[in-house]
Structures are given as C-alpha cells and as structure tokens.
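Fold and contact review
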There are 2 protein chains.
Amino acid sequence: MHCRVCKSRAAVEVRRHNAAFCRDHFIDHVTRQVERTIHEFDMFTHDDRLVIGVSGGKDSLALWDILHRLGYRCEGVYLDLGIDVYSTESLDHIERFVKERDLILRVVDLGEEYGFTIPKAAETTRRSPCSACGLSKRYILNEQALKGGYDALVMGHNLDDEGATLFSNVLNWNVEYLARQKVVLPSSDGLVKKVKPLVRVAERETAAYAVLSGIEYEVEECPMVAGNTVNRMKEWMSLLEHRSPGVTQRFLGGFQKVNSFDEEERPTLLSCESCGRPTTGTTCAFCRLRARSSQS
Amino acid sequence: MHCRVCKSRAAVEVRRHNAAFCRDHFIDHVTRQVERTIHEFDMFTHDDRLVIGVSGGKDSLALWDILHRLGYRCEGVYLDLGIDVYSTESLDHIERFVKERDLILRVVDLGEEYGFTIPKAAETTRRSPCSACGLSKRYILNEQALKGGYDALVMGHNLDDEGATLFSNVLNWNVEYLARQKVVLPSSDGLVKKVKPLVRVAERETAAYAVLSGIEYEVEECPMVAGNTVNRMKEWMSLLEHRSPGVTQRFLGGFQKVNSFDEEERPTLLSCESCGRPTTGTTCAFCRLRARSSQS
C-alpha cells in the first residue's frame, strides 16, 4: 500500500477514506481533519484561551499536540482520580509531554481537593466507577475552565467515543442526552462552552497519530473499566464499521444535521443548593456523590 | 427448563422475558402478546374487516392463524412475485393453510396483472430485487385493500424486522422514513390504514409458534435475498440481543414513545399521473418500475 499523497510506502490505512498515508502525510491528514472540524463548527479562534482535559491517554495528548502545532493557545488540566499506579503513570506521561513543549498544566487532585477518590466513590455509592468518574470529570473540568476564565473547554472525545455514545443514547431513546450530544455545546449560565475537535478522527487513528508523533501515552486501559457500557457499544460499532467502513462517521454526521432533539427537550436548570452550579434537582449530582463518598 | 405457567418441561425459552414455556403455554404467550399489541395501539376491533398480506413464510401465517383464533375477520392476499419454485411452493403452503381453516384468499399474479415479475424488474432496472419487491408489495397490497374496502391492512413484520429497519433508518438518520415507521399508520387519502400486530414477537418466536402449531410454511429464504440490507442489520442486532436480551424491544418501544420525527417531516403528497395514487413526484415509483420492467 502506498501513501495517497507522495506514493511512498504507507504507514497507516484509513479504510473509510479509502486511503493510506506515510507517516508525515498521515500526521498532516489527522491535523487537517481536526482543523476542518474546528472551522466547520466555529469552535474557537487563535485569539481564544482554551483549556483541555488531559487524561494521559492517546486522544487528549494527540489533540493537545495538534492544537499546539496549529498555534492555538491551549493549557491543560489533569484530574488525578486516585486510581493507584494508573493515575501516577498517566501523570508521568503528561508531565513529560508538557515539558517537551513548554506547555501549562494544572493538576487537580480529587482526593486532596474534594475529599474522595474514584475507587472510594465506587465503593461507597451504587454508581459504577465509570459513572462516578464521568460525573466528576464533567463537573471539575467545568469548574476549572470557569475559574481560569477560559473561552472554551476542549474535550478529547474521538469518533468512536461519540459514535458509541450516540448509539447508546439512541438505543435507549434518551432524548435529553441526545439534545445535549453536540460537537459544540455553547456556554450557558454556569456551564463553560465545550468543544470536541476530534470527532472526525477514529480511535485507532489517534493512537497511530500519537505513536507516529513520538508521544508517549498511557497504553493501559483504566483498571476500573470492566463492564463499561460505552466500551461495549464501541466494540459493537466496530464490528459494523469493519463491514461498512465509514458508517460511524455517517451516523454521527447525519445526527449533527438532524436536530430532531433540540432545545425543547432540555430540562429547566436550577442552582445547586450546595455549590451553586446548574442542576435539575436541588443538590447537583456531583455534590451528592461527593457527600456520600467523603462520609465513610 | 420448565414452563413458567404449568412447570412441565419447556419447549421454548424466551430470554428477553426471562421465561420458558411448554408448547401450549408458548402458543398462549405469543397470542397474548399479539392481543396486547392490538389493544394497546387500538389497531382494530372484531367488527372491522381486515386483510393480511401473506407470503407463505412463518410470520404472516402465524399472525393470520392468531387473528383467526382470536375471532377477527381477516382475509388474505398473496402476491405471486414470479420467483420460480419459491413462489409456487409458497402458494402451496398458503392454500393448504387456508383450506384447513376455511379462510378467504385472493391471489394476485404480478406477471399477469401488472406485466412484470420481480426477477424481470431486477434485471431491467437498477433496483435490487428486494427493493423492487418491497415497492411492489406496498403498492399492490394497498391497492387490494382499497379495492376490497377493508378497514385495515395487516402486515406480518415481527420484532426483528422492525428493530432492524429502525436501526437502519437511524444509522442513516432518514427522518422521512422514521416519521412513517409506525406500528399503526392511519389511513390517508389513497392509503389504507396499516397495522403491525407482530411487533412484540421475535422472529424465532413466530417460527416456534408456526412449528408448534403445525403450520407448514416456506422455510427457504427467497433465492433473491443476497445482500439485503435489512437482513444484515438483523444479524447485527441479533448479536446485541444475544448479549443484552430485550434490547431490540426496548429500542423499538422507546422509539414509539419518542415521536421526535413526527408529521412535519412528511412530504406533501401529490397524485400519480399514471395511477392516481399518492406520490411525492409526478409519476409514482411503482408506475415507473412497472413501465421500465414491462418494456424490454
């Protein structure tokens, strides 16, 4: 197989684009996909101050690298979830990455700043670890972005993540989640603007990008991930993608154009009695999780 | 495994209901599922005159048998598609079924009455056989139901058919099809009311019902079915169903409650220049198919 651009020996095949690329042109290709997404959805400009949530995995580090190379002003936040070696190793990768590029990173220690860790939360509440983790990340990254006065919070969700989440939301016809599953979520009272520039890049492509760019990332999956529903959906979507290359992107792209689940499905938001952030109840889910996880 | 009702040895397991049944109680169970669907969606009453499209396969014969046993007034229409031995064998099964129960059947010969067969249509047009067949069935069954003055046209689509079609429509975000994918399609100018009482019964259950009821049906798949997209989606949904029993029914049930794709998505209908039936263009798709297939 040969590179679509320079005809030299290809390093990566991208079946859904019916193309293959050498190392350099693959990096170009991924970069262009991200750039195109940023422009198409008017995500941000070079004047904006951005912050990205980084986990130490391939997606967020690849994306941060791309944004940095494209000249965007993007700082990072790492949330230490207290998951043993997994968390410390992840931070090591990020710190090396940041140092090499002279970037700004803020580390938030869930245990120190909020009084609980994800293993603790999973143990003391009936939530799955992934659900407690997702909730905590959403809350704390939003907090950090608001406090830092950033213009947008950048998320590293890739095509497979978004496809699987959409698929799961559709299977359950969760119209409230469907109404909020957007590539750009505009800011609203107490919620920072959120953008997902990686939605056109598949998971194996962010991995290939990281490897070919020499980015060292945490390759181990989180040890608490067993039974994660999105992962199961991803596996399942990948079977379909294997047989019909491009189906995930068409599914997601089509959804972005449909807009059948818009605004009216969004619930009225109140202020959390404890932290003041938006919630549909009296106390927000994060404050409830925190209260229950910090008790015992 | 034992029957949920009488504790005797079970003949069929229904995983998504976490149950198993002996022969008699399985037949009861399927019958009740159909009855419940008819009532829940106000499909028809014992006063209505119904007509069912029968193919000679398990679904339509099982459904006709259930409706007959429940005392509904239901006649049948068989459309001879001209697919060689497959069509003649199918008709044999139906004729035996009808004779045993003293039912009324009308046979429409596509070749004689409309001047073309499905193999001919597939050969002379760029449509796949399944697409030409589906289009012809929809058109002619509607014609027959209108001409006969029936109150509703009963379709034998089962849970897997509807799940796979929904899934395919969602993957492509075909909002026009989604708006029309209903368990009950009310009558409108030139279109008879259509109902699908089998949507709560899975494919293997209609097969089990037919076998346990001693209904002989055409077990061979249509020889022209290769590459059928709905079948591919069915295979794929069945993988998910196997791992999460009940997911197909929840997917379909949730969709029926959502109604996000309603009326506004429906195109304006005009009258076909050739036959006068509703169409979105000037000549309807069936008349175009017929014209092209009858020429050569």
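Just above sits the structure.
Values in this document were obtained by computation on a predicted structure and should not be read as measured data.

Below, the discussion takes up the overall build of chain A. Along the backbone of chain A there are twelve helices and ten strands. For 296 residues, the compact-globule estimate of 2.2 N^0.38 gives 19 Å, and chain A sits close to it at 19 Å. Along the first, second and third principal axes, the C-alpha atoms of chain A reach 60 × 45 × 40 Å. A separation threshold of at least 6 residues defines the contact pool for chain A, and within that pool the share at least 24 residues apart is 69%. Only carbon and sulfur atoms are counted for the fraction: they give 47% of the accessible area of chain A, which is about 14000 Å². Taken as two groups, the 39 positive and 42 negative side-chain charges of chain A have centres that lie 4 Å from each other.

Moving on to the relation of the copies chain B and chain A. Each copy superposes on the other: chain B lies on chain A with an RMSD of 0.0 Å after a rotation of 180° and an axial shift of 0.0 Å. These values place the two chain copies in the arrangement generated by a two-fold rotation axis. It is S260 of chain B whose C-alpha, among those of chain B, lies nearest the rotation axis, at 3.0 Å. Both copies share a contact surface, since 100% of the interface residues of chain B are interface residues in chain A too.

Residue and element names in this part refer to chain B. A sheet is described by the order of its strands in space; here six strands give the open sequence β5-β4-β3-β6-β8-β7, paired in mixed fashion. This sheet does not close on itself; its edge strands, each paired only once, are β5 (105-109) and β7 (184-185). Bridge count for strand β4 (residues 73-80) against β5 is five bridges, and the pairing is parallel. Along β5, the bridge assignment pairs V77 with R106. Against the sheet, helix α2 (residues 58-69) makes contact with β3 (49-54), β4, β5 and β6 (152-154), and its axis sits at roughly 160° relative to β3, the strand it touches most.

When you line up the elements, D161 of chain A lands in helix α7 (residues 159-171). Those residues within four positions of D161 of chain A in sequence are excluded, and the remaining contacts are D59, G156, E203, V230 and K234 of chain A.

Reading guide: rules and limits
- Residues numbered from 1 in each chain as written.
- Chains lettered and ligands numbered in written order.
- Predicted model: local features only at pLDDT ≥ 70, side-chain atom pairs only at ≥ 80, totals over all residues.
- Heavy atoms only, no water.
- Helix = DSSP H or I, 4+ residues; strand = E, 2+ residues; numbered from the N terminus.
- Rg over C-alpha atoms; globule rule 2.2 N^0.38 Å.
- Contact = heavy atoms within 4.5 Å.
- Areas by Shrake-Rupley, 256 points an atom, 1.4 Å probe, with all protein chains shown as cover.
- Lys, Arg positive; Asp, Glu negative; His and termini not counted.
- Charge placed at Lys NZ, Arg CZ, Asp CG, Glu CD.
- Least-squares fit on C-alpha atoms with pLDDT ≥ 70 in both.
- Pairing = 2+ DSSP bridges.
- Axes fitted to C-alpha atoms, helices over the stretch in contact; angles between N-to-C directions.

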